Amino acid sequence: MKLKIFSVLLLLCGAVSALAQSKVVTAPNGLFYEIKGTDGFRGSDELWLYTAAFYAKKPTSNAGIDVHVVENKVVEIRDRAGAVFLQNKPDPGAIAVGKDGFVLSANGAARRWIVANVKLGDTLVIGAKSTSMAEVPPAKTLPCFAGAYYRKAVSSFDVWTGIAGFIKLGTPTVDENRLGAETKQPLDNFSVYMGGNAGGKSEVDAGLSWEFTLDENGKKSARRN
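The residue numbering used here restarts from 1 in each chain and proceeds along that chain's sequence as written. Residue-level local features of this predicted model are given only where pLDDT is at least 70; pairs of side-chain atoms are given and counted only at 80 or more, and the full residue set underlies all totals for whole chains, interfaces and linings. Side-chain calculation: all heavy atoms of the structure are included, whereas hydrogens and water are not.

Chemist: Help me get a handle on the nonpolar core, residues and values and all.
Modeler: The term nonpolar core refers to a set of buried residues drawn from Ala, Val, Leu, Ile, Met, Phe, Trp, Tyr and Cys, joined through side-chain atoms within 4.5 Å. Partly exposed residues are those whose accessible area sits between 20% and 50% of the maximum for their type, while under 20% is buried and over 50% is exposed, using a 1.4 Å probe and protein chains only. Membership of the largest hydrophobic core comes to 17 residues, with the highest contact counts inside it found for Val25, Leu47, Val69, Leu104, Ile114, Val118 and Leu124. Comment: elements are numbered from the N terminus, with helices defined as DSSP H or I runs of at least four residues and strands as E runs of at least two. Put simply, the parts of the chain that give this core at least two residues each are β4 (47-51), β5 (65-70), β7 (102-106) and α4 (109-117). Here a residue-residue contact requires only that any non-hydrogen atoms of the pair lie within 4.5 Å. Setting aside residues up to four positions removed in sequence, Ile114 forms contacts with Leu47, Ile65, Val67 and Ala106. Residues Tyr50, Tyr55, Ile95 and Val97 belong to the second largest nonpolar core, which totals 7 residues.

Chemist: So, α4: which residues are in play, and what are the values?
Modeler: Every buried residue belonging to α4 is among Ala110, Arg111, Trp113, Ile114 and Asn117, and all of these are buried. Across the axial projection of α4, the buried residues extend over an arc of 160°, all falling on one side. Away from its buried face, by an angle of more than 90 degrees, α4 presents the exposed residues Arg112 and Ala116. It is the directions from the helix axis to the C-beta atoms that the arc portrays.

Chemist: Break down the packing of aromatic side chains for me, with residues and values.
Modeler: The rule is short: rings of Phe, Tyr and Trp, with Trp giving its six-membered ring, pair when the centres are within 6.5 Å, and they are stacked under 30 degrees, edge-to-face over 60, tilted in between. Counted by the stated rule, this structure contains 3 aromatic pairs. Residues Tyr50 and Phe54 carry aromatic rings whose centres are separated by 5.9 Å and whose planes lie at 20° to one another, so their mutual orientation is stacked. Under the relative-accessibility criterion, Phe54 is labelled partly exposed at 25%. Cation over ring: Lys220 sits above Phe212, and NZ or CZ is 4.3 Å from the ring centre. Placement of a positive charge over a ring is assigned whenever Lys NZ or Arg CZ falls within 6 Å of the ring centre and within 35 degrees of the normal to the ring plane.

Chemist: Got a sec to walk through a nonpolar patch on the surface? Specific residues and values, please.
Modeler: Like charges within 9 Å and nonpolar side chains (Val, Leu, Ile, Met, Phe, Trp, Tyr) within 5 Å are joined into patches, using only residues over 30% in relative accessible area that form no salt bridge. For accessible areas, the Shrake-Rupley method is used with a probe of radius 1.4 Å. Any residue's cover is judged against the shown protein chains and nothing else. Note on definitions: salt bridges are taken to be side-chain nitrogens of Lys or Arg within 4 Å of carboxyl oxygens of Asp or Glu. A surface patch of nonpolar side chains, about 310 Å² in accessible area, is lined by Ile167, Leu169 and Leu208. Along the chain, the position of Ile167 falls in the loop between β8 (125-128) and β9 (191-197).

Chemist: Could you give me a rundown of the sheet that holds β8, with the residues and numbers involved?
Modeler: Pairing in this open sheet of 3 strands is antiparallel, and the strands run β2-β1-β8 from one edge to the other. The outermost strands of the open sheet, each flanked by one partner alone, are β2 (32-34) and β8. Across this sheet, the average inter-strand angle for adjacent strands is 30°, counted without regard to direction. Two strands make a pair as long as DSSP finds a minimum of two bridges between them. For strand β1 (residues 23-26) and β8, the ladder comprises 4 bridges, and the chain directions are antiparallel. Bridge pairing in β8 links Val25 to Ile126. Here an axis means a line fitted to C-alpha atoms, over the contact stretch when the element is a helix, while the angle between two N-to-C directions is reported on a 0 to 180 degree scale.

Chemist: Break down the environment of Ile35 for me, with residues and values.
Modeler: Along the polypeptide, Ile35 turns up in the loop between β2 and β3 (37-38). Separated by 12 residues in sequence, Ile35 and Leu47 place their C-alpha atoms 5.3 Å apart.

Interpretation note: all reported values are geometric properties and have no functional meaning in isolation.
Pasting the structure below:
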C-alpha cells in the first residue's frame, strides 16, 4: 500500500512539474516566452517567475533583467545586466517588491525577449501555452521579380515586432560588356534593403543603392557608385 501511494505521489509531482514548465508569459504584441519554473535557479537564456516573498529573501543575480508585475501590470523593470555588463554602470540592485505581485527574471536570450517586447505599464498574461499560440514558420521560398538575380530572406507573417539585422556588403564589379546603347551606362545595378510589408503590395523599407552622386560642388558623377 505504501508503494502504491508513493507511486501516485510521484505521478502527481511529475504532472505538476510538467504543468509549471508549460506556462508562458504573453506580451501585449502576442509574442510569448516559456516560463522555465517558479522560485528556483535561473539558468542561461531562461525566464523564471518568483513570488514576492521568495524574491525578497533570495533575489536573482545581476546577470539578467527583473520585471515586477502587480495585478498583471508591469510596474517596474530593472535591467541589471544591461547596466553592469553593457553600460559599465553600477548594479542598481534587486527590486524592492514588498508583498505585492511577482517578479519575472530573465537571462540571455530571455532577457533580450523582455527588452524587445515588454515595457512599463504593459499588461502581461501568464498561462498555459496553447497550439493556437504557435509561431507561424517562414516560407522556405518566395517568388522573385523577373529579370534580376538576388538573394531574399524573409520572416514569417504573424506578429510584427520590428526588424534588425547585420549585413556584410560585398564589392560589386560592373560588367563593362553590359552597357546601355544610348546612355553608355552599366546595365548592372546593386542594392540591398530591408523592410516590412505594409499591407497588400506596399512595403516600408530602407536600403542602400548603387546610384549617381553629387560632389561638394553639385557635380553629378559619371557613373553610379
